[in-house]
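Notes for the structure review
Here is how the chains run, residue by residue.
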Amino acid sequence: MNPCSPSTLGAGYGDRAVSRVDGVLFSALGLLGGALFVASPWAVLTCGASVALVAFLRGRRGLAVLLVVAASVGALRARAAFEGHEQHRSSVVGRFRGPATCDGRGRVVSSPSRRGDVLQLDLEPMDLVCEGVGRVDDRVLVYLVESDRPTVARGDELELTVQLAPRERFLAPEIDGRAREAARGVSLSGSVRFGSVVRAGRGPGAWIDRARAHVRGRIDATFPPDVAPLARALVLGESDVAEADAVAFKESGLMHLLAVSGMHLVLVVATLVRGLEAALVRVPWVARGGVHVARYAAVIGAPLAWVYADFAGGSGSARRAAIMTAAVLAARALDRRLGADRALGWSIVATWLAEPLCVYDASFALSVCATAGLLAGSGPIESWLGSALRAPTLLARPLAATVAATAACAPVTLGMSRSLPLGGILANLVAVPVGEVVALPLCLLHALAAPVAPVERGLAVVAGGALRALAFVARTAAELEWLKAGAPPPTGGQIAVLAGGVALGWLGVAPRRGVLAAAAVLLAVLELGARRAGAPIGELRVTFLDVGQGDAALLDLPDGQAILIDGGGIVGSPIDTGARVVAPVLRARRRSRLAVAALSHPHPDHFGGLAAGIAGVDVEQAWDTGEGASRGLGGGYAAWLRTARARGARVRFAGELCGDHVIGGVTIEVLAPCPGPRQDDGSNDNSMVLRVRYGARRVLFVGDLERPGEDALIARARARLGADVLKVGHHGSRTSTSAAMLAAVEPRVAVVSTGARNRFGHPHPAALGNLDAAGVRTFRTDQCGAVVLRTDGTKLEVTTSDPTCGAARAPP
């Protein structure tokens, strides 16, 4: 009954609200807060110290000490896990130069999950050797075509050939996914070219995976194709729905209904336990034994929670809910009562003990936030709805739960989405009964009905109808744009202020109105700081974004405007770099408008992310060479121009762009292709070449210019090529960055935009050799993440998202 995958314990499974400060829950939240030190050290330190100090001065000394100890332990353990992963990753990834073919054996160690016709699973190498790399001993993520072996299960030993490469990280100052990768524990991934099971796994994990494969196959065989992915999501926790459906459920606030959430798990387990109670009452020796049947049912139900969580995909929210539910049932079996707040605390502690970086798992974080919101807020909100609005309990209770969970999840939600779907509050009132009360039971009954074919088919038809109704509600709610509250992602400092305010209010050590007022002021001040940092005045900041094997650069201009050059795009990958990198960076910098969005040339590793990247901002001008339009290109190229026009852009082609343009305090010189694209040249050598001048500093962008294009440019505009920073042409291929080009540009710093998984060997040793011979300091996005240049027109500084890459400074 909420949009954030909460876990509720239902009637009889614990207290409805938190009426006191439970030490276990307080310590558990302290552990999670400490783990966030990895991502936002100063924010966590300031927040924790402030709350502990106020609590200590107000007489809650025991809780103050408890907070300091828990947060310190959480921070130290998380930091050790993070640094250990980073060091190990560096040693592993440093041996790879792009994808490598590997042969040998491996053991399946995670439950396979389907995406399209591919199974995704973790493999523990047993004897895996990669060409040019040697033996690999680290856990890897592999993709296996399902038709090759649809019943792969945990414990299976595979003989396989797999092409492995380091995973792309997409690091930027505002997007640091290193902690999430460390929590995942996998640095290499690749596709299996050939694989066969040489030894079948045994044990509970293998049995559960084979049951999952059976249910997956029966869903595909009996459900209508348009709703089969929805059924797999609901039963197996697989994120395999069509893109349109995924967007609709996300934007409507109903995404939790397409996942095995904590609420989902508790509903299933609670129903099983109630069914066991009803069955045990009818067993004569149990009924005569003098022991309440609820205790017997609880003994059986506790392990069932674990089994079902595993069967349903084992997401972070499902695992946490399974621990919480098992703890409550264990207490019941011992004839004790365990409050919901303490059960939540123990579930967090148990998860943290196994995974010190669990807070970076989005599903786990949403589950914790939503459950805490329910426990703390649903009761007061329901009371207010009943007294102030005289809402009936049948309406007030689910509405209060949805509002409480939505509010608690808002900081996490805004970190992943550009708006809060307020329409989801109302949509949940309709969708939850359809999804959890109708579709879910029918889909689960369908999983058991395979032996009776007519019943199985009938359940598939009825459940399919319920799923279509659910999708209709999601699409309808997603179209209500006026019910979406647009907001930027909160900064680490803002999250710390919110957490500190909640903690102080919970502890009762300060007047709530005073806490709210202070928090509001601090949030406003921090928001002003974030907006100023996102659009600095009086300097040029150029961010060469880490978009894998592609190009994208964001220019923050001295007067506060911004320009985007290219949007990246990974050929052959489902990852949209616009949605994954460009749009999140624009949101984090509070950008709602671009002065210019430019495409250097019509190749997918440059235009692939532009449409999604600019979809949430207004654009004044769209610059394009015009070559793609003259050739009538469709697909992603057409989508870029279509989106640019939809965002209000005036589209301008090279013929009218050649020359100087003063925008935002800088001068942009369009040096090529002038007077327009040359028909005898390919797209690379028809790249748009831009030189950006600010004060005494110059930055040169050459797109994918190769040797012939470089020679032509030198012949035509040598006097205008000098630059302090060169964006290296064609990702550092051997056909670019000639000695003659470097002699003409004379750069001090060069940036190579390339991907860790590129199969072309970029940057080529010849290009790197030329740069080194010219004395140029070179930064690579595949090694350093985003590379950031800042200049006030005289001084120049270069930094990187990965601090191990160092920095560079040029004197005035």
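Refer to the preceding data block for the structure.
Residues numbered from 1 in each chain as written. Predicted model: local features only at pLDDT ≥ 70, side-chain atom pairs only at ≥ 80, totals over all residues. Heavy atoms only, no water.

As a further point, take a nonpolar patch on the surface. A contiguous nonpolar patch, built from L272, V299, I300 and L304 and spanning about 310 Å² of accessible area, is present on the exposed surface. Considering every element that reaches the nonpolar patch, the biggest residue donor is helix 10 (residues 293–311), with three residues. (Patch = residues over 30% accessible without salt bridge, like charges linked within 9 Å, V, L, I, M, F, W, Y side chains within 5 Å. Areas by Shrake-Rupley, 256 points an atom, 1.4 Å probe, with all protein chains shown as cover. Salt bridge = Lys/Arg side-chain N within 4 Å of Asp/Glu carboxyl O. Helix = DSSP H or I, 4+ residues; strand = E, 2+ residues; numbered from the N terminus.)

Our focus in this paragraph is the pattern of salt bridges. In total, this model carries 55 salt bridges according to the counting rule given. Residue R720 pairs with E669 through a salt bridge whose shortest N-O separation is 2.8 Å. Here R720 is found in the loop between helix 25 (707–717) and strand 20 (725–727), whereas its partner E669 is found in strand 17 (residues 666–672), with 51 residues between them in sequence. Of the residues examined, E669 reaches a relative accessible area of 0% and is grouped as buried. If you follow the salt bridges from partner to partner, you end up with R114, R212, R216, D220, R232, E238 and D240 in one network. (Buried < 20%, exposed > 50% of the residue type's maximum accessible area, 1.4 Å probe, protein only.)

Another point: the sheet that holds strand 16 (residues 659–663). Overall, mixed pairing links the seven strands, which are arranged 16-17-18-19-20-21-22 in an open sheet. The open sheet has two edge strands, strand 16 and strand 22 (777–780), and neither has a second partner. Geometrically, the sheet is characterised by an average inter-axis angle of 20° between neighbouring strands, direction not taken into account. Sheet topology note: the strand 16/strand 17 ladder contains five bridges and is antiparallel. Across the sheet, the residue bridging to H661 is I668, located in strand 17. (Pairing = 2+ DSSP bridges. Axes fitted to C-alpha atoms, helices over the stretch in contact; angles between N-to-C directions.)

Note the cis peptide between A672 and P673, where omega equals -5°. With respect to the helices, strands and loops of the structure, P673 is situated in the loop between strand 17 and strand 18 (689–694). Look at the link from H762 to P763: it is a cis peptide, with omega at -10°. Not every positive phi belongs to a glycine, and D566 is a case in point at roughly 70°. Within the fold, D566 resides in the loop between strand 12 (562–565) and helix 19 (577–588). Phi is positive for H731, close to 60°, though the residue is something other than glycine. Relative to the assigned elements, H731 resides in the loop between strand 20 and helix 26 (739–745). Residue H731 is classed as buried on the basis of its relative accessible area, which comes to 1%.

Bringing the side chain of H446 into the picture now. Considering the arrangement of structural elements, one finds H446 in helix 15 (residues 423–448). Given the relative accessible area of 2%, H446 is considered buried. Excluding its chain neighbours within four sequence positions, the residues that come into contact with H446 are R218, I219, T222, F223, E456, L459 and A460. (Contact = heavy atoms within 4.5 Å.)

Counting buried positions along strand 14 (residues 618–624) gives five out of seven residues, so the element sits mostly inside the fold. Pairing of strand 13 (residues 593–598) with strand 14, which is carried by five bridges, proceeds in the parallel orientation. Bridged to V596 within strand 14 is Q621. Pairing of strand 14 with strand 15 (residues 650–653), which is carried by four bridges, proceeds in the parallel orientation. Along strand 15, the bridge assignment pairs W623 with R652.

Here the focus is the nonpolar core. Within the largest apolar cluster, 61 residues are counted, with the highest numbers of intra-cluster contacts made by F223, L265, Y308 and L467. Examining the composition of this core, we find that 11 residues originate from one element, helix 16 (residues 453–478), more than from any other. Sequence-distant contacts of Y308, defined by excluding residues within four places in its chain, comprise V260, H264, L265, V268, L440 and L444. Of all hydrophobic cores here, the second largest spans 33 residues; its members include L540, I563, V692 and V699. (Core = buried A, V, L, I, M, F, W, Y, C linked by side-chain atoms within 4.5 Å.)

Looking now at helix 7 (residues 243–251). Burial in helix 7 covers these residues: D245, A248 and F249. Along the axis of helix 7, the buried residues cluster in a sector spanning 95°; they form a single face. Close packing links the buried residues of helix 7 with helix 6 (228–236) and helix 16. Taken from the residues just after helix 7, G253 is the one with a positive phi, measuring 75°. (Arc of directions from axis to C-beta.)

What follows deals with the state of the cysteines. Under the defined criterion, the tally for this structure stands at three disulfides. The disulfide partner of C102 is C130, and the gap between their sulfur atoms is 1.9 Å. On the sign convention where negative means left-handed, the S-S torsion of about 100° between C102 and C130 marks this disulfide as right-handed. With C102 in strand 1 (residues 100–108) and C130 in strand 3 (residues 118–130), the pair connects residues that are 28 residues apart, well separated along the chain. Comparing C102 with C130 shows no difference in burial state: the two are buried. Between the sulfur of C784 and that of C805 lies a disulfide, 2.2 Å long from S to S. Disulfide C784-C805: the torsion about the S-S bond is -95°, which places it as left-handed. Taken as a pair, C784 in helix 28 (residues 781–784) and C805 in the loop between strand 24 (796–800) and strand 25 (808–810) lie far apart in primary sequence, 21 residues in all. Neither C784 nor C805 differs from the other in exposure class; each is buried. In the protein, numbering the disulfide-bonded cysteines from first to last in sequence yields the connectivity 1-2, 3-4, 5-6. With no disulfide of its own, C47 lies closest to C369 among cysteine sulfurs, the gap being 13 Å. Exposure remark for C47: the relative accessible area of 17% places this residue in the buried category. (Disulfide = S-S within 2.5 Å.)

Read these as geometric descriptors, not functional statements.
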